[in-house]
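What follows is each chain in one-letter form.
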Amino acid sequence: VWSNCLKIIKDIVEWQHYKTWFEPIKPVELKDYILLIQVPSQFFYEYLEEHYVNLLAKTLKRELGKDARLEYRIMVDSGNSNNKPLTMDIPANNIKTYSNNEMDFPLVINNPVKNPFVIPGLKKMQIDPQLNPIYTFDSFIEGDCNRVARRAGKTVAEKPGANSFNPLVVYGGVGLGKTHLGQAIGNEVKRLHPSKVVLYVSSEKFINQFQDHSRNNAINDFIHFYQLIDVLIIDDVQFFNRAERSQDAFFAIFNHLHQSGKQLVLSSDKPPKDLDGLQERLLSRFRWGLSADLQMPDYDTRIEILDKKMKNDGLDMPREVVKYVSYNINSNIRELEGALISLLAQSSLNKREIDLELAKKVLRNFVKTSSKEITIDTIQKMVCEFFDVPYDKLLQKTRKREIVQARQITMFLAKAFTKNSLKTIGEHFGGRDHTTVIHSCQTVKDLMDTDSLFRENVMELQQKVQLAAM
Ligand code: ADP
Ligand code: MG
């Protein structure tokens, strides 16, 4: 059936177009009046639907009669590096199911409408925005580490194209939320402005698509397609460094979209000024908008992120475990989530409640040092940071009250948390003798009884040291 169709199509369509758009199609299965075909990409499917739906309908009906229907199966590569199945926005009339969570999984689009060919040429291009609905602003916890980027992202989503953050460039190391934020912007635009054409794409995928089209002499189609987008989100633009000609295409698309008041959102692993291998003309355009960084969240924000994750997944763990994990994982958020997942896996595998013991065991695979020997030095640094006191002042003979107190607390903690002798502790404070240390410890105990703020501070520090020692 399909080869008969192709014969007809071949005569009608220009040879180049035929090669590009029809040769790659693989017929998969014919059931009753339904022909299932496999196409290489989402983009491909959309292009066919847009440009050749009538032709396909006519030829297929000629072969199979008036009840003929066409179904597509798309090889999708998810632009999502987490190996999670992508749940996609479902365009009207399409039901999609996806099977496994490998990087390339077949995505079946079943068209339950009686006669899909009757759908008239869609006015607005209908494209799958490639958004994963779990990545929202709501699930993106705000902290000092990401406040500017998150808020700029919200503004962009509320008024795409009509704000001064165009392009919005979000940069940060691995696992710090670039993809999540980019996707959240896309999802929010779709929520607030459903008719806007949104597309999320990784630069790798963009480059691959470009190269495919380039091989097929269809660069104009490629650029044309991208120029129809209202909000274009390109993830990990640092990978453009290996693809000079893709940069040219990107440059053309960027200019067109920007001039037409369309929104661009880009992410990269470094600030734009450090993006080696990207054309200067591109980098200068990145500076037109706003660049905002994503940092590793601090301890409290990490706790919030874990809490949010657990709440979303309907999980619970003892507070001390949440604190322990948050304290010890300080590389990136993906690792933080990884630790949580391992913990859950270990707990269900061993049919054992999650407790600190298990957490320590699991985290041994995540953090380099566990059960650290806490040193006087470490405690000194923690106290200095806590009270914002310079390190050298702590050791000198300053008589200023807050410094004296900080020094006394440090000695007290050193006595409680290290195995050092009073003499050694004294030596770590610019050669004071052991009676000074005894006196300091006594003073701290006394003050804790009488001064509640002082007591709170010491308790908080104790907790910090304790966590560091686990
Ligand atoms: P990147 O793209 O920068 O490598 P991702 O966006 O993939 O990082 O983030 C890694 C993981 O951390 C994802 O599961 C994401 O949901 C989560 N994450 C990142 N930032 C936050 C945040 N601020 N709040 C909650 N979860 C976050
Ligand atoms: Mg990413």
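About the criteria used
Residues numbered from 1 in each chain as written. Chains lettered and ligands numbered in written order. Predicted model: local features only at pLDDT ≥ 70, side-chain atom pairs only at ≥ 80, totals over all residues. UniProt positions renumbered as here; feature names shortened; annotations may be inferred. Helix = DSSP H or I, 4+ residues; strand = E, 2+ residues; numbered from the N terminus. Buried ≥ 20, exposed ≤ 12 C-beta atoms within 10 Å, placed from the backbone. Arc of directions from axis to C-beta. Contact = placed C-beta atoms within 7 Å. Core = buried A, V, L, I, M, F, W, Y, C linked by C-beta atoms within 7 Å. Axes fitted to C-alpha atoms, helices over the stretch in contact; angles between N-to-C directions. Parallel < 35°, antiparallel > 145°, perpendicular 65-115°, else oblique. Left-handed = near helix turned anticlockwise from the far one by under 90°. Nonpolar A, V, L, I, M, F, W, Y, C, P; charged D, E, K, R; others polar. Near = placed C-beta within 6 Å. Domains from an automatic or database assignment. Pairing = 2+ DSSP bridges. Right-handed = clockwise from strand over helix to strand, strands pointing away. pLDDT = per-residue confidence, 0-100.

The name an unreviewed UniProt entry assigns to the protein chain is Chromosomal replication initiator protein DnaA, from the organism Segetibacter aerophilus. Looking at the Sequence similarities (unreviewed entry) heading of the UniProt record, one finds this comment for the protein chain: "Belongs to the DnaA family."

Another point: the overall build of the protein chain. Secondary structure assignment for the protein chain yields 20 helices and 10 strands. The burial tally for the protein chain puts 36% of its 470 residues in the buried class.

Listed as buried for helix H14 (residues 356-363) are Ala359, Val362 and Leu363. Down the axis of H14, the smallest arc covering the buried residues is 90°, so these residues share one side. Here the buried face of H14 lies against helix H12 (319-328) and helix H13 (333-349).

Here we take up the nonpolar core. Leu232 and Val325 are the most contacted members of the largest nonpolar core, which totals 67 residues. Here leucine 232 is in contact with Leu199, Tyr226, Leu257, Lys262 and Leu264, once residues within four sequence places are set aside. With 18 residues, the next largest nonpolar core counts Val389, Met411, Phe429 and Val437 among its residues.

Two measures define how a pair of helices packs: the angle their axes make with one another and the distance between the axes. Closest axis-to-axis distance for the helix H11 (residues 299-312)/H12 pair is 9 Å, and the angle between their directions is 125°. The orientation of H11 relative to H12 falls into the category oblique. Here H11 and H12 pass one another in a crossing that is right-handed. The residues of H12 that touch H11, namely those facing Tyr299, Arg302, Ile303, Leu306 and Asp307, are Val322, Lys323, Val325, Ser326 and Tyr327. When its residues are assigned to classes, the contact of H11 with H12 shows 6 nonpolar, 1 polar and 3 charged.

Glancing now at the site of ligand 1. Among the 16 residues in the neighbourhood of ligand 1, the closest are listed as Gly177, Lys178, Thr179, His180 and Ile333. Going through the elements one at a time, helix H6 (178-192) and H13 are the ones with two or more residues in the shell around ligand 1. Taken together, the residues that form the shell around ligand 1 break down as 6 nonpolar, 7 polar and 3 charged. When residues are assigned to domains, the shell around ligand 1 turns out to be shared by domain 2 (147-293) and domain 3 (299-363), each giving three or more.

So, on to the UniProt feature "binding site: ATP" (unreviewed entry) in the protein chain. Under the UniProt annotation, "binding site: ATP" (unreviewed entry) lies at Gly175, Gly177, Lys178 and Thr179. If we ignore the near neighbours within four places in the chain, the residues touching glycine 177 are Phe140, Asn146, Gly172, Leu294 and Ile333. Within the fold, threonine 179 resides in helix H6.

A word on the sheet that holds strand E7 (residues 198-202). Here 5 strands make up an open sheet; going across it, the order is E7-E8-E9-E6-E10 and the pairing parallel. Each end of this open sheet is capped by a strand with a single partner; those strands are E7 and strand E10 (290-293). Between one strand axis and the next, the sheet turns through 15° on average, direction left out of account. Of the strands in this sheet, strand E6 (168-171), E7, strand E8 (231-235) and strand E9 (263-268) touch H6, which is tilted by about 165° from E8.

Let us look at the pairing of E8. Most of E8 sits inside the fold, with 5 of its 5 residues counted as buried. By the alternation rule, side chains of E8 split into Val231, Ile233 and Asp235 and Leu232 and Ile234, which are all buried. Where E8 lies against E9, 4 bridges are found, and the strand directions are parallel. Along E9, the bridge assignment pairs valine 231 with glutamine 263. The parallel pair E8 and E9, bridged by helix H9 (residues 244-259), forms a crossover whose chirality is right-handed.

What follows is about the environment of isoleucine 34. Assignment of secondary structure puts isoleucine 34 in strand E2 (residues 34-39). We classify isoleucine 34 as partly exposed; it has 16 C-beta atoms within 10 Å. Separated by 33 residues in the primary sequence, isoleucine 34 and aspartate 67 place their C-alpha atoms 8.4 Å from one another.

Below, the discussion takes up the confidence of the model for the protein chain. Where the model shows low pLDDT, its predicted coordinates should not be examined in detail. Looking at the protein chain, the pLDDT average stands at 84 and 87% of residues meet or exceed 70. Within the model, pLDDT remains below 50 along residues 76-123, and this stretch shows 68 contacts once partners closer than five positions in the same chain are excluded. For this predicted complex, the interface confidence reaches an ipTM of 1.00, while the overall pTM sits at 0.60.

Next up on the list: the packing of helix H5 (residues 147-158) against H6. Taken N-terminus to C-terminus, the directions of H5 and H6 make an angle of 30°; their axes are 8 Å apart at the nearest point. With respect to their mutual orientation, H5 and H6 come out roughly parallel. When the axes of H5 and H6 are compared, the crossing they make is right-handed. Across the interface between the two elements, Ala149, Arg150, Gly153, Val156, Ala157 and Glu158 of H5 pack against Leu181, Ala184, Ile185, Glu188, Val189 and Leu192 of H6. Partitioned by chemical class, the residues of the contact of H5 with H6 number 8 nonpolar, 1 polar and 3 charged.

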